[in-house]
Amino acid sequence: MTDNANTPWYHQGLRFSCTGCGGCCTGGPGYTWVSVAEIEAMARHLNLTLDDFGKKYLRRIGDRYALLERSVTHDCIFLQGKQCTIYPVRPAQCQTFPFWPGVLHSPDSWKETARHCEGIHDEAPLISFEEIERQRQRQTVAEAD
Ligand code: SF4
């Protein structure tokens, strides 16, 4: 959504700073999609073979892979307490949140996300339009992988 034909509504930037609360790693059921390159990086980080990593942490959905979730809570399999246990090699989908195309679709979708992400608030640092676009494009590529 734009405020004129070519300008995204967030062209003046958006306020966000991740607190590490883990809120985006839990919630309802969903998919954290991972590419082969990301699977390789996570397996290497955990000192596991690809085969062992796949058996322990992945589910296959059609021709793609997603991380497993815990049953009942739907927490990401790598969330322990409120900490991501693979933070340095977390997938692009995690790194780019909340600058996902769906979240950036409109002011309303941004506000709705803010209800679940405590890093989005009026006192948070301003993230530039250029940085938001960089993250959005990364996520767009990750979604297409
Ligand atoms: S919900 Fe927001 S503040 Fe919390 S860990 Fe995720 S991105 Fe960071």
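Residues numbered from 1 in each chain as written. Predicted model: local features only at pLDDT ≥ 70, side-chain atom pairs only at ≥ 80, totals over all residues. Heavy atoms only, no water.

Caption draft 1: Representation of the overall build of the protein in the model. A count of helices and strands for the protein gives five helices and seven strands. Across the protein, helices and strands are ordered from the amino to the carboxyl terminus as β-β-α-α-β-β-β-β-α-α-β-α. Its C-alpha radius of gyration of 16 Å places the protein within 12% of the 15 Å reference for a compact globule of 145 residues. Seen through its C-alpha atoms, the protein measures out along the principal axes to roughly 50 × 30 × 25 Å. Counting over 145 residues, the protein shows a buried share of 34%. Of all intrachain contacts in the protein linking residues separated by at least 6 positions in sequence, the fraction that spans at least 24 positions is 69%. Surface summary for the protein: the accessible area is close to 8,800 Å², and the carbon and sulfur share equals 53%. With 15 positive and 18 negative side-chain charges, the protein shows a spacing of 5 Å between the two charge centroids. (Helix = DSSP H or I, 4+ residues; strand = E, 2+ residues; numbered from the N terminus. Rg over C-alpha atoms; globule rule 2.2 N^0.38 Å. Buried < 20%, exposed > 50% of the residue type's maximum accessible area, 1.4 Å probe, protein only. Contact = heavy atoms within 4.5 Å. Areas by Shrake-Rupley, 256 points an atom, 1.4 Å probe, with all protein chains shown as cover. Lys, Arg positive; Asp, Glu negative; His and termini not counted. Charge placed at Lys NZ, Arg CZ, Asp CG, Glu CD.)

Caption draft 2: Local environment of the site of the ligand. As a matter of local geometry, the ligand sits amid F16, C18, T19, G20, C21, G22, G23, C24, F97, H116, C117 and G119. Classifying every residue of the shell around the ligand gives six nonpolar, six polar and no charged. (Near = heavy atom within 4 Å. Nonpolar A, V, L, I, M, F, W, Y, C, P; charged D, E, K, R; others polar.)

Caption draft 3: Quick peek at the nonpolar core. One finds V34, I39, M42, F53, L58, L67 and F78 to be the most contacted residues of the largest nonpolar core, which totals 14 residues. Breaking this core down by element, the ones donating at least two residues are helix 1 (36-45) and helix 2 (50-57). Counting residues per element, this core draws most heavily on helix 1, which supplies three residues. Once residues lying within four places of it in the same chain are set aside, the contact partners of I39 are V34, L50, F53, L58 and Y65. Among the nonpolar cores identified, the runner-up in size contains 13 residues, and Y10, L14, W110 and I127 belong to it. (Core = buried A, V, L, I, M, F, W, Y, C linked by side-chain atoms within 4.5 Å.)

Caption draft 4: Layout of the side chain of E38. Within the fold, E38 resides in helix 1. Buried charge without a partner: E38 forms no salt bridge, and the closest opposite charge is R138, 6.0 Å away. A distance of 3.0 Å separates the side chain of E38 from the backbone nitrogen of S35, its partner in a polar contact. (Salt bridge = Lys/Arg side-chain N within 4 Å of Asp/Glu carboxyl O. Polar contact = N/O pair within 3.5 Å; in protein donor to acceptor, adjacent residues only side chain to side chain.)

Caption draft 5: Seen up close, the packing of aromatic side chains. Inspection of every chain in the model, using the stated rule, returns nine aromatic pairs. Both rings, one in F53 and one in Y57, keep their centres 5.1 Å apart while their planes meet at 50 degrees; by these two values the pair is tilted. Of this pair, F53 and Y57 both sit in helix 2, four residues apart, roughly one helical turn. For the ring pair F97 and W100, a centre distance of 4.9 Å and an interplane angle of 75 degrees mean the geometry is edge-to-face. For F97, a relative accessible area of 17% translates into the label buried. Residue class for W100 comes out partly exposed when judged on its relative accessible area of 24%. Members of the aromatic cluster, joined through ring pairs, are W9, Y10 and F129. (Phe/Tyr/Trp six-rings, centres within 6.5 Å; stacked < 30°, edge-to-face > 60°.)

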